[in-house]
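If you want the building blocks of each chain, they are given just below.
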Amino acid sequence: MSTSKTIKSALISVFHKDGLEPIVKKLNELNVTIYSTGGTERFIKDLGVNVIPVEDVTSYPSILGGRVKTLHPKVFGGILNRQDHEGDVAELAEYNIPQIDLVIVDLYPFEKTVASGASEQDIVEKIDIGGISLIRAAAKNFKDTFIVSSMEQYDEFLEVISKNNGETTLAQRKKFAAKSFNVSSHYDTAIFNYFNEDEVVLKTSEQNSKVLRYGENPHQKGYFFGDLEAMFDKLHGKELSYNNLLDVDAAVNLIEEFKGEAPTFAILKHNNACGFAQRDTIKKAYIDALAGDPVSAFGGILIANTEIDADTSNEIHSLFCEVVIAPSFSEEALTILKGKKNRIILVQKEVALPKTTVRTCLNGTLVQDKDNITDKLEDLKYVTNHKPSESELDDLLFASKLCKNTKSNTIILVKNKQLLAGGTGQTSRVDALNQAIEKANSFGFDLNGAVMASDAFFPFPDCVEIADKAGVKSVIQPGGSIKDQLSIDYCNENDLSMVMTGTRHFKH
């Protein structure tokens with residue numbers, strides 16, 4: 001028995017009419033009987049195409065202000081009947097139910113209505129009932145019925161019926177059924193997430209997807225789910241890789257801490273800042289960021305909190321870097337940076353960042369609130385006899401922001417709003433500190449007068465002692481250890497200042 005079906009009848013009920021006209025005209029050309037209702041019916045009539053009102057089939061008017069139009073056995077019977085089932089065929093004849101071979105639906109724009117800031121009443125009215133029911137019914141009966149469930153599918157569907165004069169294969173009908181269940185499940189997820197306030201349930205659905213060249217390594221497949229075009233304007237360069245995206249994410253989150261501040265430049269490698277500085281011009285900020293670790297900067301991700309100009313671009317151009325990000329670039333700067341054909345240039349847009357983080361763990365998923373606390377001056381508790389100076393306080397808060405965005409265990413050393421070195425991802429805080437000191441010394445930095453930031457408390461005074469001997473004069477840390485007093489005592493005995501924030505910033 002052939003699984004091909006020729007479309008002889010269609011029910012069309014859509015919100016968006018854009019792109020519908022060529023389909024209607026093609027169906028009319030193929031002598032397909034068209035049923036419709038409401039605004040879609042008027043649209044089809046205005047095209048000069050014959051259309052049968054659904055009310056003529058159901059012998060029932062649209063009621064409740066249009067809330068109930070297609071919800072009727074004569075409609076759903078025509079969609080759900082099994083054409084190879086004698087009982088179904090007999091019932092269609094008995095109850096005078098027309099066969100419906102094709103259903104075209106485009107749902108009310110629920111997500112766009114929510115995003116527009118509309119009232120709850122308007123949002124609720126954009127919850128589609130009839131449309132979602134039509135989609136599920138037609139998709140369930142894909143063996144006999146073809147379902148087009150979104151305006152994004154119009155072009156592909158038109159190609160199908162144009163190539164084969166209205167004839168469709170089982171594989172095509174099943175493919176569009178799968179698309180339809182994707183549309184319906186996404187729609188319901190959006191509605192649930194809008195209403196949900198108390199249920200601890202993870203429901204996510206992302207329609208935008210991108211196949212990456214590979215994952216973290218060439219033997220791994222990689223995908224990105226999300227709307228990158230809403231986040232960036234990509235002006236130049238190759239496609240972003242999996243690892244690029246992780247580094248870009250780290251860069252965006254870090255520079256967000258310095259939004260609206262003086263010109264600030266960051267250079268990142270493997271999700272951590274290897275160079276960072278704030279200056280009165282973006283060129284100076286870049287030069288001093290690069291000085292922090294010119295070795296690690298090779299192949300890094302660069303990001304600025306203000307426009308990148310030609311002078312800065314000339315400096316950047318001599319460095320091999322994967323990605324350069326800024327809120328804007330001067331025309332001359334772009335011309336210079338585009339001199340390397342693979343260099344990725346991104347203009348960052350004003351987009352709200354997610355409020356939660358999600359990652360797979362064991363046989364499940366971990367979800368947490370994002371670390372949205374940034375340590376501020378009013379949060380500080382002065383725990384030592386010697387108090388930090390105004391410039392030291394500026395450096396301490398600067399270092400704290402960096403520390404928050406660096407892999408644990410971490411120690412950050414800062415002087416004059418420049419990252420001198422960081423100890424990143426170490427299994428002990430002492431190791432992180434020693435790594436930072438050794439790195440700073442290797443690049444010729446003078447640590448005398450520097451400040452130190454730690455992402456978590458010091459269980460022993462060893463870190464403040466090591467830092468003191470290296471030249472550090474002030475410390476910022478969360479506190480909270482039962483042995484906090486040991487570190488405080490050492491600072492008091494050696495004329496160091498220390499402040500505590502009360503907030504730990506682990507990052508794993």
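These numbers come from a predicted model, not from an experiment.

### Considerations on the pattern of salt bridges
- According to the stated counting rule, one finds 18 salt bridges in the structure shown.
- A salt bridge links K238 to E322; its shortest N-O distance comes to 3.2 Å. Taken together, the residues span a long stretch of sequence, with K238 in the loop between strand 10 (232-236) and helix 12 (242-256) and E322 in strand 14 (residues 321-326) at a distance of 84 residues.
- Using a relative accessible area of 26% as the deciding quantity, one classes K238 as partly exposed.

### Regarding empty space enclosed by the protein
- All told, the structure shown has two cavities of 30 Å³ or more when counted by the stated rule.
- If you trace the largest cavity, you find it lined by D375, S400, C403, A453, S454, I476, Q477, P478, T501, T503 and H505.
- Mapped by element, the contributors of at least two residues to the lining of the largest cavity are helix 16 (390-404), strand 21 (451-454) and strand 22 (474-477).
- Broken down by class, the residue content of the lining of the largest cavity amounts to four nonpolar, six polar and one charged.
- By volume, the second largest cavity is sized at about 30 Å³.
- Of all the secondary structure elements, the ones that give two or more residues to the lining of the second largest cavity are helix 3 (54-58) and helix 4 (73-80).
- Grouping the amino acids of the lining of the second largest cavity by side-chain chemistry returns seven nonpolar, no polar and one charged.

### Details of the sheet that holds strand 13 (residues 300-304)
- What the six strands build is an open sheet, ordered 10-15-14-13-11-12; its pairing is mixed. Edge positions in the open sheet fall to strand 10 and strand 12 (272-278), since each of these has one partner strand only. When strand polarity is set aside, the average angle formed by the axes of neighbouring strands in this sheet is 20°.
- Of the pairings in the sheet, the one linking strand 11 (residues 264-269) to strand 12 comprises six bridges and is antiparallel in character. Within strand 12, the residue paired with I267 across the bridge is G275.

### A short note on the packing of helix 18 (residues 462-470) against helix 19 (residues 484-493)
- Running from N to C, helix 18 and helix 19 point in directions that differ by 25°, and their axes come no closer than 8 Å. The angle between helix 18 and helix 19 falls in the class roughly parallel. Crossing angle aside, the handedness with which helix 18 passes helix 19 is right-handed. Contact residues: helix 18 offers V464, E465 and D468, while helix 19 offers S487, Y490 and C491.
- Grouping the constituent residues of the contact of helix 18 with helix 19 by class yields three nonpolar, one polar and two charged.

What counts, and where the lines are drawn
- Residues numbered from 1 in each chain as written.
- Predicted model: local features only at pLDDT ≥ 70, side-chain atom pairs only at ≥ 80, totals over all residues.
- Heavy atoms only, no water.
- Salt bridge = Lys/Arg side-chain N within 4 Å of Asp/Glu carboxyl O.
- Helix = DSSP H or I, 4+ residues; strand = E, 2+ residues; numbered from the N terminus.
- Buried < 20%, exposed > 50% of the residue type's maximum accessible area, 1.4 Å probe, protein only.
- 1 Å grid on protein atoms, 1.4 Å probe; cavity = no way out; pocket = protein on both sides within 12 Å on 5 of 7 lines; lining within 4 Å.
- Points joined across faces, edges and corners; volume = space filled by probe spheres on them.
- Nonpolar A, V, L, I, M, F, W, Y, C, P; charged D, E, K, R; others polar.
- Pairing = 2+ DSSP bridges.
- Axes fitted to C-alpha atoms, helices over the stretch in contact; angles between N-to-C directions.
- Parallel < 35°, antiparallel > 145°, perpendicular 65-115°, else oblique.
- Left-handed = near helix turned anticlockwise from the far one by under 90°.
- Contact = heavy atoms within 4.5 Å.

It is worth stressing that arrangement in space is one thing and function is another; only the former is reported here.
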